[in-house]
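# Tertiary structure, described
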Amino acid sequence: MEETDDGVFLTSVCFRGDYPLYRHSRIKVSVYQGEEPLTHTARSFLGFTSFSIRDLLKSKEPHISLSLRTMDRVNEVGEVKVSCLQMEGESGDRTPPEHKCSELCDSLHSSVHERENSPTMRAVLCAQVCKVYRFQTEDQRWLLVREQMSETPLSFSLPKQLLSALIREHTDRVREVKELGDLSPHWDGLRHDVINHCNHLVCGYQETLSELDKLSVSSSFKSSCSKSDKHLQFVPTNLHSQRMEVTDPDSAGVWYEVITFGAPSDHHQAFKHGGLKKLLSKRTNSTDSSVSYSEDESSRARELLSNVAQLQPLVFGLAEELLAVSLEHNTARLQEVLEALAQQTELFVHALKDELVRSALLAIHNQFSANYNSSHVHSNGLICDNTSDGRDGESSPGQQDAGRQDAEYDEEEWASDRTWANVAKSLNCIIVMLDRLQGREDQPQDQTPSDQQDAAPGDTNSQNTASSSLSAASWQEQLLPLVVTLRDCVREAVCKARAAMTFVILQGAVACTLNQGPTQIVQRRHAVFSQTLSAAVCGFMLKLYGGLEDPEFLQQLLSVGLLVQFEGLLSTYGDEVGMLEDMEVGVADLSGVAFTVTEAKTEQPDDLLPTLRGAWGRFVVEVPLPSETFTSLPREVKEGRLILVHPVLFNIGINQQQSLAERFGDSSLQERVNQQSCERLRVYCQSLRERLPHMAGIQSLSDSLSSLERCIETKKRKNVEVLWIAATVCRQVNGVRLTSCKSAKDRTAMSVTLEQCVLLRDKHTLSQQSFSSALDCMRRDGCRMENVQKNVGNRKFAFSGVQLLTFPKLYRPPDGSFG
């Protein structure tokens, strides 16, 4: 028993069905003074009492009152009230009275044991703290409430996976830009900047990962006291699942869940210059509007370079083989090689006639025409000065021509299909010549005089050679100049394509590194995202486990995606402004994440933890399920369909700092965040109505959303009703709920306990007179007090009486629980 002002304590004792409990059995109750947390003084005996099961079952009152006496039975030191969890069975219930108590107690725990002991739950949750309550309903029946708070190994496992993925991504980027070959001085300087930027991040992340490997062996929890630790910035602060199971006389256990964690922010770098939103906004305003390419376009560029590297030697090899076979005068063999050459050349031209190549060439010209009076396309790079000796030893006539024309290139010359057409025309000349050599035709019928004028360099001479007496020269001599022309045209096409794709890759690398800001900003964004992701994944997994047998929920995930609703209790004053700016960006970055369900290899805990794949901006979280569960899922889920994430953030400051912000400061950040999230929430609900019009409760969403919009538009101080309505809408659409304050310890405790009692009142008819006592009970003796204990080492919420005067009334803890 812990010390409180009112001296009321509540606990539940459950007897399993196989326990030998009968009507004549007597229960002894002993009360001890609990260990004092600070001095660790040993507990002392206060008193005892006893009662029989017969007395309890025969009582006409909801409880029996017993005097608590000292060991010598002389002095009365208090009172104990004992209640049966359910006094009446259902009509027609013939259960023997002697078994009634144990069966009713067991009903509370049957679903608990089945669900909580499943391999999936054991893998995701650990270090559980449980509290059991019983509260009275409006119709004088009893609610059995189990409150459970759990840590999760995801606190460390997901940040470690994210760090590994970022290390791989930046290492690959360094390798890619190093492989680009010779570049102009300007772009070579940018390449060095990209390499230095990536190497700096990789070194820092490797050090952090090494430290996390050491810590995660013995811990799955980061306390609020460690939120500024350099090596723990990727780990969410005080991450827990807060879950409540409610069993009433009319239903089996119903679960409600919310994830609690400290607002995702970088406390190590602190907030002197603001949070991410402010820092990125400054960066956007100061960055030039140079062309940039997405990661998908960079991937296409790498793929195109790979295709070119494979096709160019094939074309050259077949051209040489054609010359060799022409010496044999073997018509069939010659035709076979020619068809192979035509096929590979067609693939080559098709690969290069990509809109990305065209747009990149045009971008190169537009971006540098003003900076270079004389320029040409480098064979392995981008624009280079003509004064430098940077040309390849095998530069083609087309390349030299490009250097001579300098800035006279217009858009048509840079971005037209002329380069690719020259390759095709050169091949056509070879085909025509072979037809002539074999006596098939005397004049190319499909080539007009204008076509001949536009032919590739060397075409005219080739045709004149072909018109000479065929008896005076061998077939090889007739084909040689045409093959040389084809090779020159292919080289020119490769040169331009390589320049274009190098430009795309390097610009993409710059966009993903240098344009994101200094490494400090990038590290901050990655760390904040890591904290946000870990909490969101934990929420999704619990939501998925609870809905595996609900086809409508699974269809919702596939057709619309998952709503992830963050509730913030941060003020818009002082450092918490920076925290909210960090949190806003971290939540928004979740929109680039998707989930997919996979089949677990085994049911070992490590094989049931989620894995992360992909790269920044397109991460996919794979959630494994045991084989038996996986096989029962819909086909689309088993095929790996992606489940999209729709994150929203609603924030209302409730503490004394928010009072200062509202009177003397600025709350525009909070207003903007809430308005934008309300709009995104409306869009999500609209998609839900369109794709799942028969979903339960879907029609009432419009009223809830309208109420939410009115609350946000209302200029009311500490309008916590915004949070209540947003939470209600989230639960209506099967969303994941997450609640945060600075460290998820004090204000978060007030929020989640209030939410639990509101659910008991609205969903399970908790009586109004029991509402306040239930709220005080959960705050004084519930799981959140245990959370305070494990974070700071004492059992007091960090509020003062003066501070609480500025809190909304429903967010104030009971006397004796704060200080």
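Model, not experiment: these values are computed from the prediction. (Residues numbered from 1 in each chain as written. Predicted model: local features only at pLDDT ≥ 70, side-chain atom pairs only at ≥ 80, totals over all residues. Heavy atoms only, no water.)

## Overview of the overall build of the protein
Here is the rule: Helix numbers and strand numbers start at the N terminus; a helix is a DSSP run of H or I with at least 4 residues, a strand a run of E with at least 2. Burial classes follow relative accessibility: with a 1.4 Å probe on protein chains only, a residue under 20% of its type's maximum area counts as buried, one over 50% as exposed, and anything between as partly exposed. Any two residues whose heavy atoms approach within 4.5 Å are treated as being in contact. What sets the accessible areas is the Shrake-Rupley method with a 1.4 Å probe; for residues, cover comes only from the shown protein chains.
The number of helices and strands found in the protein is 28 helices and 16 strands. Out of the 819 residues in the protein, the part that is buried amounts to 52%. Once local pairs closer than 6 in sequence are excluded, the contacts in the protein between residues at least 24 apart make up 74%. Approximately 36,800 Å² of the protein is accessible, and the part contributed by carbon and sulfur atoms is 48%.

## Things to note about the sheet that holds strand 8 (residues 251-260)
Heads up, the condition is: For two strands to be treated as a pair, DSSP must find at least two bridges joining them. Interaxial angles span 0 to 180 degrees and are taken between N-to-C directions of axes, which are lines fitted to C-alpha atoms, for helices over the stretch in contact.
Read from one edge to the other, the open sheet built from ten strands follows the order 5-6-7-8-16-11-15-12-14-13, with strand pairing classed as mixed. Strands with a single pairing partner mark the edges of an open sheet, and in this sheet they are strand 5 (126-136) and strand 13 (611-613). Sheet twist, expressed as the mean angle between neighbouring strand axes with direction ignored, is 25 degrees. Note: strand 13 against strand 14 (residues 619-625), three bridges, orientation antiparallel. For L612, the partnering residue across the bridge sits in strand 14 and is V621. In the packing of helix 26 (residues 768-781) onto the sheet, contacts are made with strand 5, strand 6 (142-151) and strand 7 (240-248), and the angle to strand 5 comes to roughly 155 degrees. Along the sheet, helix 27 (residues 783-792) contacts strand 5, strand 6, strand 7 and strand 8; its crossing angle with strand 6, the most-contacted strand, is approximately 20 degrees.

## A closer look at the pattern of salt bridges
Inclusion rule: We define a salt bridge as a side-chain nitrogen of Lys or Arg found within 4 Å of a carboxyl oxygen belonging to Asp or Glu.
By the definition in use, this model includes 32 salt bridges. Taking the shortest distance from any N to any O, the salt bridge between E257 and R243 comes out at 3.6 Å. With E257 in strand 8 and R243 in strand 7, this pair connects stretches of sequence that are 14 residues apart. Overall, E257 belongs to the buried group, its relative accessible area being 15%. On the basis of relative accessible area, R243 is assigned to the buried category, the value being 0%. Across the pair R672 and E584 runs a salt bridge, and its minimum N-O distance is 2.6 Å. Of the two residues, R672 sits in helix 22 (residues 668-691) while E584 sits in helix 18 (residues 575-589), which places them 88 residues apart along the sequence.

## Remarks on the layout of surface pockets
The criterion, for reference: Cavity and pocket criteria rest on a 1 Å grid covering protein atoms alone: a 1.4 Å probe that fits but cannot get out defines a cavity, protein on both sides within 12 Å along at least 5 of 7 lines defines an open pocket, and an atom within 4 Å of a point defines a lining residue. Grid points are joined across faces, edges and corners, and a volume is the space filled by probe spheres set on the points. Three classes are used, and their members are as follows: Ala, Val, Leu, Ile, Met, Phe, Trp, Tyr, Cys and Pro are nonpolar, Asp, Glu, Lys and Arg are charged, and the others, Gly among them, are polar.
Computed from the structure, the second largest pocket encloses a volume of approximately 960 Å³. Considering the residues around the second largest pocket, the lining is formed by 36 residues, among which Y256, R731, Q732, L759 and K763 are closest to the centre. Put simply, the parts of the chain that give the lining of the second largest pocket at least two residues each are strand 8, helix 16 (519-546), helix 17 (551-559), helix 24 (721-732) and helix 25 (747-764). Ranked by the residues each element gives to the lining of the second largest pocket, the list is headed by helix 25, at eight residues. Among the residues forming the lining of the second largest pocket, the class breakdown is 17 nonpolar, seven polar and twelve charged.

## As for the pairing of strand 5
The side chains of a regular strand alternate, residue by residue, between the two faces of the sheet. Here nine bridges tie strand 5 to strand 6, and the two strands are oriented antiparallel to one another. Within strand 6, the position partnered with Q136 by the bridge is W142. Joining the antiparallel neighbours strand 5 and strand 6 is a turn of five residues, in which Q140 adopts a positive phi near 65 degrees.

## Description of the packing of aromatic side chains
So the rule is basically this: Pairing of aromatic rings covers Phe, Tyr and Trp, the last through its six-membered ring, and needs centres within 6.5 Å; plane angles under 30 degrees mean stacked, over 60 mean edge-to-face, and all others mean tilted.
What the rule picks out here adds up to nine aromatic pairs. For the ring pair F529 and W616, a centre distance of 5.0 Å and an interplane angle of 75 degrees mean the geometry is edge-to-face. Within this pair, whereas F529 is found in helix 16, its partner W616 is found in the loop between strand 13 and strand 14, the two being separated by 87 residues in sequence. Taken together, a centroid distance of 6.5 Å and an interplanar angle of 85 degrees make the contact between W616 and F619 edge-to-face.

## Some words on helix 23 (residues 701-713)
Formally: By this rule the span expected of a helix is its residue count minus one, scaled by 1.5 Å.
End to end, helix 23 covers 18 Å across 13 residues, agreeing with the expected 18 Å (1.5 Å per residue, within 8%). The secondary structure elements touched by the buried residues of helix 23 are strand 15 (643-651), helix 22 and helix 24.

## Concerning unusual backbone geometry
We note that K718 has phi near 45 degrees; this positive angle belongs to a residue other than glycine. Take K718: it is sitting in the loop between helix 23 and helix 24. With relative accessibility at 11%, the residue K718 sits in the buried group. A positive phi angle, close to 50 degrees, is found at T765, a residue other than glycine. By the element assignment, T765 lies in the loop between helix 25 and helix 26.

## Quick notes on the environment of D435
Along the chain, D435 falls in helix 12 (residues 418-437). On the basis of relative accessibility, which here comes to 13%, the residue D435 falls in the buried class. Taking the C-alpha atoms as reference points, D435 and Q335, 100 residues apart in sequence, are found 9.8 Å from one another.

## Considerations on the confidence of the model for the protein
Heads up, the condition is: Values of pLDDT, the confidence the predictor places in each residue, fall between 0 and 100.
When pLDDT is averaged across the protein, the result is 82; 81% of the residues are at 70 or more. Overall, residues 1-6 carries pLDDT values under 50, and its contacts beyond four positions in sequence, including any with other chains, amount to 14 contacts. This stretch, residues 86-113, has a pLDDT under 50; its non-local contacts, to residues over four places away or in other chains, come to 45 contacts.

## Overview of the side chain of R173
Within the secondary structure, R173 sits in helix 4 (residues 154-178). Apart from the residues lying within four places of it in its own chain, the contact partners of R173 are V194, C198, E295, A509, C512 and T513.

## Observations regarding the nonpolar core
Put simply, the rule is: Put simply, a nonpolar core is a bunch of buried Ala, Val, Leu, Ile, Met, Phe, Trp, Tyr and Cys residues held in one set by side-chain atoms that sit within 4.5 Å of each other.
Ranked by size, the top nonpolar core spans 69 residues in total, and within it F540, F566 and F595 carry the most contacts. If one sorts the elements of this core by residue count, helix 16 sits on top with 13 residues. Those residues in contact with F540 that lie beyond four places of it in its chain are L557, L562, F595, V623, I643 and V736. Judged by nonpolar contacts, the second largest core, of 62 residues, contains V177, L311, L437 and L506.

## Quick word on the environment of E584
According to the relative accessible area criterion, E584 is buried, its value standing at 10%. Spatially, the C-alpha atom of E584 lies 9.9 Å from that of G568, the residues being 16 residues apart in sequence. The contact partners of E584, leaving out residues within four places of it in the chain, are K277, L649, L669, R672, V673 and Q676.

## Re the packing of helix 25 against helix 26
Put simply, the rule is: Geometric relationships in this document are graded by angle, where less than 35 degrees denotes roughly parallel, more than 145 denotes roughly antiparallel, 65 to 115 denotes roughly perpendicular, and other angles denote oblique. In this scheme the crossing of two helices becomes right-handed for a clockwise turn of the near helix relative to the far one and left-handed for an anticlockwise turn of less than a right angle.
Packing of helix 25 against helix 26 leaves a shortest axis separation of 9 Å and a crossing angle of 150 degrees. The angle between helix 25 and helix 26 falls in the class roughly antiparallel. By crossing handedness, the relation of helix 25 to helix 26 is classed as right-handed. On helix 26, the residues touching M750, T753, L754, Q756, C757, V758, L760 and R761 of helix 25 are Q768, F771, A774, L775, M778 and R779. Of the residues assigned to the contact of helix 25 with helix 26, the class counts are nine nonpolar, three polar and two charged.

## Section: the packing of helix 16 against helix 18
Two numbers describe how helix 16 lies on helix 18: the axes approach to 8 Å, and their chain directions differ by 65 degrees. With respect to helix 18, the axis of helix 16 lies roughly perpendicular. Between helix 16 and helix 18 the crossing geometry is right-handed. Within the contact between the two elements, helix 16 uses R524, R525, V528, F529 and T532 and helix 18 uses D582, V585, G586, V587 and D589. Residues of the contact of helix 16 with helix 18, tallied by class, amount to four nonpolar, two polar and four charged.

## Some details on a nonpolar patch on the surface
Counted only if it meets this: Patch rule: a residue counts if its relative accessible area is over 30% and it has no salt bridge; like charges are joined within 9 Å, and nonpolar side chains (Val, Leu, Ile, Met, Phe, Trp, Tyr) within 5 Å.
On the surface, Y573, L660 and F664 cluster together into a nonpolar patch covering about 320 Å² of accessible area. With respect to the secondary-structure elements, Y573 resides in the loop between strand 11 (562-568) and helix 18.

## A short note on helix 22
Its 24 residues give helix 22 an end-to-end C-alpha distance of 35 Å, which sits within 8% of 34 Å, the value for a rise of 1.5 Å per residue. Looking only at helix 22, the buried set comprises L669, Q670, V673, N674, S677, C678, L681, Y684, C685, L688 and R689.

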